[in-house]
Amino acid sequence: MTVRTMTIILACAALAACDGSTAPAGNAATAAAPDPMEAKIAALSEPLREVTFFRAINDADYTCQRIVNVVSRGRIEGKLSWAVECEQGAQYVIELQRGGIFHVSGVPKSARS
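Residues numbered from 1 in each chain as written. Predicted model: local features only at pLDDT ≥ 70, side-chain atom pairs only at ≥ 80, totals over all residues. Heavy atoms only, no water.

Caption draft 1: Representation of the overall build of the chain in the model. Of the regular secondary structure elements, the chain holds five helices and four strands. Reading the helices (α) and strands (β) of the chain from amino to carboxyl end gives α-α-α-α-β-β-β-β-α. Across the chain, every contact between residues at least 6 apart in sequence was considered, and the portion connecting residues at least 24 apart equals 40%. For the chain, the exposed area adds up to about 6,800 Å²; of that, 59% sits on carbon and sulfur atoms. (Helix = DSSP H or I, 4+ residues; strand = E, 2+ residues; numbered from the N terminus. Contact = heavy atoms within 4.5 Å. Areas by Shrake-Rupley, 256 points an atom, 1.4 Å probe, with all protein chains shown as cover.)

Here you go:
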């Protein structure tokens, strides 16, 4: 990946982590409970995971013709996350929300050009 790609991915990850919420300390135990959907996503083969991310990107009204690179980014605010790059250069951060819902944020190529 280029320096520009990494900068955009890191910026997207930083923005995704800044949701401004102030969760009370009592919710820490609830947030720590594993989400069964995480295991289902982890069990998917790489092609099926890419199809899942492709659908999430398109369902979020972003453009992606084909996914060319997926990098796991660990957890952001306790949620599993991935950096996804599409064929035409668009880059997205996908977070798995509780219950199997994906939150997609990113920079389509047209917005960066």
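Caption draft 2: Up close: the nonpolar core. The biggest cluster of nonpolar side chains holds 16 residues, and the ones touching the most others in it are Ile57, Trp82, Ile94 and Phe102. Those elements giving two or more residues to this core turn out to be α4 (46–59), β2 (79–86), β3 (91–97) and β4 (101–107). In terms of residues, this core owes the most to one element, β2, which gives four residues. (Core = buried A, V, L, I, M, F, W, Y, C linked by side-chain atoms within 4.5 Å. Buried < 20%, exposed > 50% of the residue type's maximum accessible area, 1.4 Å probe, protein only.)

Caption draft 3: Expanded view of the pairing of β4. Direction of pairing for β3 relative to β4: antiparallel, over a ladder of seven bridges. When the sheet's bridge partners are listed, Leu96 is paired in β4 with Phe102. Here β3 folds back onto β4 in antiparallel fashion, the turn holding three residues, of which Gly99 has a positive phi close to 90°. (Pairing = 2+ DSSP bridges.)

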